[in-house]
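Listed below, chain by chain, are the residues.
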Amino acid sequence: MKKMNRFIAPPLQFEVLEHDRVIAKVKLDYINQTVDVWQDDKVEPVFLPFPGKAKVSVGDVLDYFESRCVPRTRHHIDKILQSLGLQEYVRTDIVKKTHGVLYDDYVWIRFSGEELKCADVHPRYASEQGVPANLR
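Below or above, wherever it landed, is the structure these notes cover. The model shown is predicted, which means the values in this text are computed figures rather than measured ones.

**Let's talk about the overall build of the protein**
Scanning the protein from N- to C-terminus turns up five helices and four strands. Across the protein, every contact between residues at least 6 apart in sequence was considered, and the portion connecting residues at least 24 apart equals 37%.

Structural data, given as structure tokens:
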């Protein structure tokens, strides 16, 4: 059995959705520094994580995650991280907690093994759909 280095994360697989439609699928392999991406070419590029990119790097994925996070320079960022159960600003960890939800759009991230819908993670969408707060 191959022993994993505890400092190198296992492969990360996720989907990017707009509402409940999958618009991109990503598999990031930290060990081999490779990223496999499928993006729906029928979707407006503004919604896609890597519009127009033929080859996506690990850094591109991390930059995308950061674009879906609260800014590092946000006032009281330490309190925001604490509310998420985090001790430091690690963009992958933040996105795993927040699913990359932003108020400005309905794009969000679902990680491998999750069976979530937009109403489960996006408060604005849920309220527009009439989902009571206690059921979110």
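**Observations regarding unusual backbone geometry**
Unusually for a residue other than glycine, His19 sits at a positive phi of about 60°. Among the structural elements, His19 can be located in the loop between strand S1 (12-18) and strand S2 (21-29). Despite not being glycine, His99 shows a phi value in the positive range, around 60°. In this fold, His99 is placed in the loop between helix H3 (91-98) and strand S4 (107-111). Take His99: its relative accessible area is 8%, and that puts it in the buried class.

**What to know about the pattern of salt bridges**
Under the defined criterion, the tally for this structure stands at eight salt bridges. We note a salt bridge from Arg91 to Asp63, for which the minimum N-O separation is 3.8 Å. Remark: Asp63 occurs in helix H1 (residues 58-67) and Arg91 occurs in helix H3; sequence separation between them is 28 residues. Connected via shared salt-bridge partners are Asp63, Glu66, Arg72 and Arg91.

**Some details on the pairing of strand S3 (residues 34-39)**
By the bridge criterion, six bridges tie S2 to S3 in an arrangement that is antiparallel. Each bridged residue has a counterpart across the sheet, and for Lys25 the counterpart in S3 is Trp38. What sits between S2 and S3 in their antiparallel hairpin is a turn of four residues, with Gln33 showing a positive phi close to 55°.

**Topic: H3**
Inspection of H3 places Thr92, Ile94 and Val95 among the buried residues, and these make up the whole buried set. Buried residues of H3 fall within an arc of 160° about the axis and therefore sit on the same side. Buried residues belonging to H3 abut S1, H1, helix H2 (77-83) and S4. One or two steps after H3, the chain reaches His99, where phi turns positive at roughly 60°.

**Details of the environment of Tyr89**
With respect to the element layout, Tyr89 can be found in the loop between H2 and H3. A relative accessible area of 15% places Tyr89 in the buried class. Residues Tyr89 and Arg72, spaced 17 residues apart in sequence, show a C-alpha to C-alpha distance of 7.2 Å. Non-local contacts of Tyr89, meaning those with residues more than four positions away in its chain, are made with Glu66, Cys69, Val70, Pro71, Arg72, Ile77, Leu81 and Ile94. Only 2.8 Å separates the side chain of Tyr89 from the backbone oxygen of Val70, close enough to count as a polar contact.

**Looking at the nonpolar core**
With 30 residues, the main nonpolar core has Phe14, Val16, Val61, Phe65 and Ile109 as its most contacted residues. Not counting chain neighbours up to four residues away, the residues in contact with Val61 comprise Phe14, Val26, Leu28, Val35, Phe50 and Val56.

Definitions and cut-offs
- Residues numbered from 1 in each chain as written.
- Predicted model: local features only at pLDDT ≥ 70, side-chain atom pairs only at ≥ 80, totals over all residues.
- Heavy atoms only, no water.
- Helix = DSSP H or I, 4+ residues; strand = E, 2+ residues; numbered from the N terminus.
- Contact = heavy atoms within 4.5 Å.
- Buried < 20%, exposed > 50% of the residue type's maximum accessible area, 1.4 Å probe, protein only.
- Salt bridge = Lys/Arg side-chain N within 4 Å of Asp/Glu carboxyl O.
- Pairing = 2+ DSSP bridges.
- Arc of directions from axis to C-beta.
- Polar contact = N/O pair within 3.5 Å; in protein donor to acceptor, adjacent residues only side chain to side chain.
- Core = buried A, V, L, I, M, F, W, Y, C linked by side-chain atoms within 4.5 Å.

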